[in-house]
Amino acid sequence: MRAMILVLVLLAACTPAAPTVMGRASVIDGDTLEIHDQRIRLWGVDAPEGRQSCDAADGAVYACGRLSANRLDQHLQDKTVACFEEDTDRYGRMVARCEVDGEDVGAWLVRHGHAVRYARYAGTAYLAEEAAAKQDGAGLWSGRFTNPEDWRRAQSGGR
């Protein structure tokens, strides 16, 4: 009987947590989704802002914030997104790790250069994805860009 209880306890501990929210996502920007009227800030990543511009490898200026959001939208198109809440941000949004077909959306964004890892919050998460994106010159890393957090600070007058 004790063995049976131990097995049940171990199985319960190994069962993955159910998603906090799941469904088709609307992309708000490169690191924010909406599922069932719930705004979700992707954990551990920071994408360029919608009005942010970057320099391509050839020096041409492009709307990297809009491009990041568009690429995310294309990636999530007609797929079910499962999000697992990690925190709540200062704006009251859920901060979550989200997956599509078992793939971490934040890791995908960083690996393809559509976002950077948000070092302040991510710890060591996404280090390998960011290193690979830099090495391959993927997305943002193909030219020059201002880190999204620094860009926001500059837009707000340094506050």
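Since this is a predicted model, take the numbers as computed values, not measurements.

Trainee: Could you give an account of the packing of aromatic side chains, with specific residues and numbers?
Mentor: This model, assessed by the stated rule, comprises three aromatic pairs. With a centroid separation of 4.9 Å and 85° between ring planes, the pair formed by Tyr 118 and Tyr 121 is classed as edge-to-face. Against the face of Trp 43 rests Arg 97, its NZ or CZ located 3.8 Å from the ring centre.

Trainee: Could you give an account of unusual backbone geometry, naming the residues involved and the relevant values?
Mentor: One non-glycine residue, Asp 37, lies in positive phi territory at about 65°. If you check the backbone angles, Asp 78 has positive phi at about 60° while not being a glycine. Relative to the assigned elements, Asp 78 resides in the loop between helix H2 (64-76) and strand E8 (80-88).

Trainee: Would you mind going over the nonpolar core in detail, with residue names and values included?
Mentor: Most often, soluble globular proteins keep nonpolar side chains buried together rather than apart. One finds Leu 33, Leu 76, Val 81 and Cys 98 to be the most contacted residues of the largest nonpolar core, which totals 29 residues. At the level of elements, strand E3 (32-35), strand E4 (38-42), H2, E8, strand E9 (94-100) and helix H3 (105-111) are the ones that each hand at least two residues to this core. Excluding its chain neighbours within four sequence positions, the residues that come into contact with Leu 76 are Ala 25, Val 27, Leu 33, Val 81, Val 100 and Val 105.

Trainee: Break down the environment of Cys 54 for me, with residues and values.
Mentor: Note that Cys 54 resides in strand E6 (residues 54-55). A C-alpha to C-alpha distance of 9.9 Å links Cys 54 and Asn 147, two positions 93 residues apart in sequence. Each residue touching Cys 54, except ones within four places of it in the same chain, is listed here: Ala 60, Val 61, Tyr 62, Cys 64, Leu 140, Arg 144 and Phe 145.

Trainee: Quick rundown of the side chain of Arg 117? Include the residues and the values.
Mentor: When you line up the elements, Arg 117 lands in strand E11 (residues 116-117). In this structure Arg 117 is buried but unpaired, with Glu 130 as the nearest side chain of opposite charge at 4.4 Å. Of the polar contacts made by the side chain of Arg 117, one reaches the backbone oxygen of Gly 123; its length is 2.2 Å. In this view, Arg 117 contacts Gly 44, Val 45, Val 110, Gly 123, Thr 124, Ala 125, Tyr 126, Leu 127 and Glu 130; residues no more than four positions away in its chain are not counted.

Conventions used here
- Residues numbered from 1 in each chain as written.
- Predicted model: local features only at pLDDT ≥ 70, side-chain atom pairs only at ≥ 80, totals over all residues.
- Heavy atoms only, no water.
- Phe/Tyr/Trp six-rings, centres within 6.5 Å; stacked < 30°, edge-to-face > 60°.
- Lys NZ or Arg CZ within 6 Å of the ring centre and 35° of its normal.
- Helix = DSSP H or I, 4+ residues; strand = E, 2+ residues; numbered from the N terminus.
- Core = buried A, V, L, I, M, F, W, Y, C linked by side-chain atoms within 4.5 Å.
- Buried < 20%, exposed > 50% of the residue type's maximum accessible area, 1.4 Å probe, protein only.
- Contact = heavy atoms within 4.5 Å.
- Lys, Arg positive; Asp, Glu negative; His and termini not counted.
- Salt bridge = Lys/Arg side-chain N within 4 Å of Asp/Glu carboxyl O.
- Polar contact = N/O pair within 3.5 Å; in protein donor to acceptor, adjacent residues only side chain to side chain.

Don't take any of this as a statement about function, it's just geometry.
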